[in-house]
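As a plain string of letters, each chain reads:
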Amino acid sequence: MPPIFEELLERFHANLACVDNDLVADEVARIGWDMPARPLEPRALACLGHLDRIAELAPADAKPLARFVADHRDELRWGQTYSAADFGHGFIESYGWLEVFGTRGHFVNGEVAGGLVILGPNIVYPDHHHIAEEIYIPLTGGTEWRMGEGSFHVRDAGEVIHHASNVSHAMRTGKEPLMALYLWRGGPLAQKSTIGPMIDLRGRG
Ligand SMILES: [Fe+2]
């Protein structure tokens with residue numbers, strides 16, 4: 001296993017370890033960080049063109065991870081769960097994720113998935129939901145986030161955004177791209193999200 005993947009995992013862990021938040025601290029403590037590596041062929045995506053700007057925008061505590069990922073983008077396996085049929089071609093050109101660990105990422109973990117998601121500027125990631133509980137920490141600010149029936153709010157880099165199981169959520173980038181760190185637990189870790197707001201059928205007979 002080349003040391004780049006070990007370093008990726010270390011930097012990801014280090015980034016989470018400096019987040020001052022109880023939910024994140026509990027999650028970091030629960031994760032078994034000694035994970036087996038999974039050999040994967042690299043795969044590039046169009047959205048990787050935003051990585052240099054993302055590394056510039058990332059604040060000091062997120063910059064080591066953002067810069068490392070930008071420098072090693074061509075050695076990593078980037079993925080997409082959606083296709084152009086879901087949100088259009090513009091979305092697919094601007095969106096992608098890197099699973100650091102999980103059921104398909106660079107390290108094997110069947111309990112929790114962790115990675116990074118990229119969205120280019122002026123992109124709407126419409127309402128969607130999934131069974132897994134999710135923590136997001138944006139590494140760049142300026143994106144608007146919405147959860148449940150709420151309205152969109154701009155979130156700064158380093159804020160902690162928690163989506164409980166099956167709560168719908170959406171993101172809307174502004175003039176700058178987004179990179180956000182994510183953790184998924186408690187559901188199928190490679191499940192494609194269900195598009196559209198969550199419809200609560202309880203109490204409707
Ligand atoms: Fe999500």
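Overview of the structure. (Residues numbered from 1 in each chain as written. Predicted model: local features only at pLDDT ≥ 70, side-chain atom pairs only at ≥ 80, totals over all residues. Heavy atoms only, no water.)

**Re the overall build of the protein**
Secondary structure summary: the protein contains six helices and 12 strands in total. Its C-alpha atoms give the protein a radius of gyration of 16 Å, within 12% of the compact-globule value 17 Å for 205 residues. Considering only C-alpha atoms, the protein reaches an extent of 55 × 35 × 35 Å along its principal axes. Counting every position in the protein, which comprises 205 residues, the buried fraction comes to 46%. Across the protein, the fraction of contacts at a sequence separation of at least 24, relative to all contacts at a separation of at least 6, is 72%. When the accessible area of the protein is evaluated, it comes to approximately 9,400 Å², of which 52% is carbon and sulfur surface. (Helix = DSSP H or I, 4+ residues; strand = E, 2+ residues; numbered from the N terminus. Rg over C-alpha atoms; globule rule 2.2 N^0.38 Å. Buried < 20%, exposed > 50% of the residue type's maximum accessible area, 1.4 Å probe, protein only. Contact = heavy atoms within 4.5 Å. Areas by Shrake-Rupley, 256 points an atom, 1.4 Å probe, with all protein chains shown as cover.)

**Thoughts on the packing of aromatic side chains**
Summed over all chains, the structure comprises 12 aromatic pairs. Three or more aromatic residues joined by ring pairs make a cluster, and in this case those are Y82, F87, F91, Y95 and Y125. The side chain of R172 reaches across the aromatic face of F152, ending 3.9 Å from its centre. (Phe/Tyr/Trp six-rings, centres within 6.5 Å; stacked < 30°, edge-to-face > 60°. Lys NZ or Arg CZ within 6 Å of the ring centre and 35° of its normal.)

**Re the coordination of the iron ion**
At this site the iron ion is bound by H130 (NE2), E134 (OE), E134 (OE) and H169 (NE2), with donor distances of 2.1 to 2.5 Å. Because the angles between the four donor atoms bound to the iron ion fall within 54 to 138°, the donor set is best described as irregular. Sequence spacing of the donor residues for the iron ion, all on one chain, is H-x3-E-x34-H. Pair noted here: E134 is in strand β6 (residues 133-138) and H169 is in strand β10 (residues 169-172), with a separation of 35 residues, a long-range link. For H169, a relative accessible area of 0% puts it in the buried group. (Donors = N, O, S within 2.8 Å, 3.2 Å for Na, K, Ca; no water. Tetrahedral: all angles 85-135°; square planar, octahedral: opposite > 155°, others 65-115°.)

**Section: the nonpolar core**
In a soluble, globular protein the nonpolar side chains are often hidden away together inside. Among the nonpolar cores identified, the biggest contains 40 residues, and F12 and F101 are the most heavily contacted of them. Secondary structure elements with two or more residues in this core: α1 (3-17), α2 (22-30), α3 (51-57), α4 (63-71), β2 (95-102), β4 (112-119), β6 and β11 (178-185). For this core, the element with the highest residue contribution is α1, accounting for six residues. Setting aside its immediate chain neighbours within four residues, F101 contacts L9, F12, I31, W33, M35, F107, N109, V112, A113, G114 and L183. Core analysis: the second largest hydrophobic core is formed by 21 residues, Y125, A132, Y182 and W184 among them. (Core = buried A, V, L, I, M, F, W, Y, C linked by side-chain atoms within 4.5 Å.)

**Quick word on the side chain of T173**
Within the secondary structure, T173 sits in the loop between β10 and β11. T173 sits in the buried class, given a relative accessible area of 6%. Within the structure, the side chain of T173 is placed 2.7 Å from the backbone oxygen of G120, a separation counted as a polar contact. A distance of 2.7 Å separates the side chain of T173 from the backbone nitrogen of I123, its partner in a polar contact. Excluding residues within four positions of it along the chain, T173 makes contact with L119, G120, P121, N122, I123, T143 and L178. (Polar contact = N/O pair within 3.5 Å; in protein donor to acceptor, adjacent residues only side chain to side chain.)

**Looking at the sheet that holds strand β8 (residues 153-155)**
Read from one edge to the other, the open sheet built from five strands follows the order β8-β7-β10-β5-β12, with strand pairing classed as antiparallel. Looking at which strands have only one partner, the edges of the open sheet turn out to be β8 and β12 (194-195). Two strands pair when backbone bridges link them, and strand β5 (residues 124-129) and β12 are joined in this way by two bridges, in the antiparallel orientation. Paired with H129 across the bridge in β12 is T194. (Pairing = 2+ DSSP bridges.)

**Here's the deal with the packing of α1 against α4**
Look at α1 against α4: their axes get within 9 Å of each other, and the N-to-C directions meet at 155°. The angle between α1 and α4 places the two elements in the roughly antiparallel class. Where α1 crosses over α4, the handedness of that crossing is left-handed. Each of I4, E7, L8, R11, F12 and N15 in α1 lies in contact with α4, whose residues at this interface are P64, L65, F68 and V69. Of the residues assigned to the contact of α1 with α4, the class counts are seven nonpolar, one polar and two charged. (Axes fitted to C-alpha atoms, helices over the stretch in contact; angles between N-to-C directions. Parallel < 35°, antiparallel > 145°, perpendicular 65-115°, else oblique. Left-handed = near helix turned anticlockwise from the far one by under 90°. Nonpolar A, V, L, I, M, F, W, Y, C, P; charged D, E, K, R; others polar.)

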